[in-house]
Each structure stands twice: as structure tokens, then as C-alpha cells.
Amino acid sequence: MNRFLTVSVMSAIPKMISKEIEGSMKQQSKTIQKKVFIGILCSVILIFLDQFTKYLAVQHLKDQMPVVLWKNVLELSYLENRGAAFGIFQGKQWPLIIFTVIVLILIIYFYLMRIPAEKHFGLLNGIAILFFAGAIGNFIDRVTQRYVVDFFYFRLINFPVFNVADIYVTVAAVLLILCLLFYKEEDFERILPTKKKS
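Residues numbered from 1 in each chain as written. Predicted model: local features only at pLDDT ≥ 70, side-chain atom pairs only at ≥ 80, totals over all residues. Heavy atoms only, no water.

**Regarding the pairing of strand E1 (residues 67–70)**
Thinking step 1. In this structure, E1 lies alongside strand E2 (residues 74–81), joined through three bridges in antiparallel fashion. Paired with Trp-70 across the bridge in E2 is Leu-74.
Thinking step 2. Between E1 and the antiparallel strand that follows it, E2, lie three residues; Asn-72 among them carries a positive phi value of about 60 degrees. (Pairing = 2+ DSSP bridges. Helix = DSSP H or I, 4+ residues; strand = E, 2+ residues; numbered from the N terminus.)

And the structure:
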């Protein structure tokens, strides 16, 4: 009798483990699918906002005098930027396109494969989406028009003219720096393991 119970329990354990693993994999799959959906939805909204503001800039600012929002501080001024963000690397379109593709691949890799789909890492996932949307927003212009439409101008500090996509990238960069204060070493270790498992 005892032997029968022992055999029964021993045979049931693999089934229980198998069901547990299957349930865990299904849950993980749902979590990843949700993360992908959120990433795509947020990216589409952000990219649309960027492209729509650029459309408005072309329609209302091109060949027009700058629109002063705050005298001697902030203006809307149309500019066709044939370089990178904030006007650097002027005229170097193909290197910029290749660089952008590489950056986009890295962002997608980190978002899908490295950054955990947990609330604790929500900020990092949001940062990845901002970087992605900003890169895609200007990439669309660069590929279709050979230039990027910029229209925000901080006259107060004579800052290079920029656009909404540039704002995404800048905000993401600032948040990424702040992450160094918010996240602990073990959090970054989960994303980019450096310690060898013994």
C-alpha cells in the first residue's frame, strides 16, 4: 500500500511540475503580448503626434515669419534640418539612416528581450518607447523627404531649432539618467547581467 502511494505520488509530481511550467509559460506569453501591444499603441500615438505637428508646421509656418509664443524666449520657426537632432551632421543622410536603423534594432531588443515586463521596470519600458518613437519620427522624414521638419526655437538661449520627436529623445535621455538614482544595482543586473553564475 505504501509502495503504491509512493509510486502514485512520484508519478504525479512530473505532471504537476509540467502543468506549473505550462501555466507559467502561458502567463509569461500573455505578459509579453500585453507589453508588445502597449509598446505599439504608445509608439503609434507618439509618432502620429510628431508627424501631425510637422504637418501643421509645413502648412502654417513654411515661408512665413516666425510665430512668437513668448517674446525673445520661444518661437515657432520653420526649418528643414538635413542633419541629425538639433542640426548636427548636416547633409550626411545615409550614415544617419544606417545609424538610426541600428539604434532602432537595439531599442526593440532591449524592450522585448532585456527589460522585464514588470511594473517596477515601467519607467525603463516607457523610456524605450520614447526613444523608439523619437527615432522613428525623424526617420520617417529623413527617408521620405531627405530632411527633418523642425519648428520649435528657444530664442532666449539661441538653442537649435527642434521638433516633437527631439523632445521625446531628450525627455527619454533625462529620465534614463534619473534611473541611476531610482533603480538599484540588482535591477540593472537583471537587464544586463555582468556577474557569472557559479
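The discussion continues.
**Digging into the pattern of salt bridges**
Thinking step 1. Tallied over the full model, the rule gives six salt bridges.
Thinking step 2. With a shortest N-O distance of 3.7 Å, Glu-80 and Lys-62 are connected by a salt bridge. In this pair, Glu-80 is assigned in strand E2 and Lys-62 in the loop between helix H1 (2–60) and E1, connecting sequence segments 18 residues apart.
Thinking step 3. Here Lys-62 falls in the partly exposed class, since its relative accessible area comes to 33%. (Salt bridge = Lys/Arg side-chain N within 4 Å of Asp/Glu carboxyl O. Buried < 20%, exposed > 50% of the residue type's maximum accessible area, 1.4 Å probe, protein only.)

**Quick word on the nonpolar core**
Thinking step 1. In this structure, Leu-124 and Phe-151 are the most contacted members of the largest nonpolar core, which totals 30 residues.
Thinking step 2. Listed by contribution, the elements that provide at least two residues to this core are H1, E2, helix H2 (93–114), helix H3 (122–145), strand E3 (148–154) and helix H4 (164–182).
Thinking step 3. When residues of this core are assigned to their parent elements, the largest contribution, eight residues, is made by H3.
Thinking step 4. Residues within four places of Phe-151 in sequence aside, it is in contact with Thr-53, Lys-54, Ala-57, Leu-61, Glu-75, Leu-76, Ser-77, Val-161, Phe-162, Asn-163 and Val-164. (Core = buried A, V, L, I, M, F, W, Y, C linked by side-chain atoms within 4.5 Å. Contact = heavy atoms within 4.5 Å.)

**Here we look at the environment of Ile-97**
Thinking step 1. Relative to the assigned elements, Ile-97 resides in helix H2.
Thinking step 2. Judged by its relative accessible area of 9%, Ile-97 is buried.
Thinking step 3. Along the chain, Ile-97 and Val-143 lie 46 residues apart, while their C-alpha atoms are 7.6 Å from each other.
Thinking step 4. Not counting chain neighbours up to four residues away, the residues in contact with Ile-97 comprise Phe-139, Arg-142 and Val-143.

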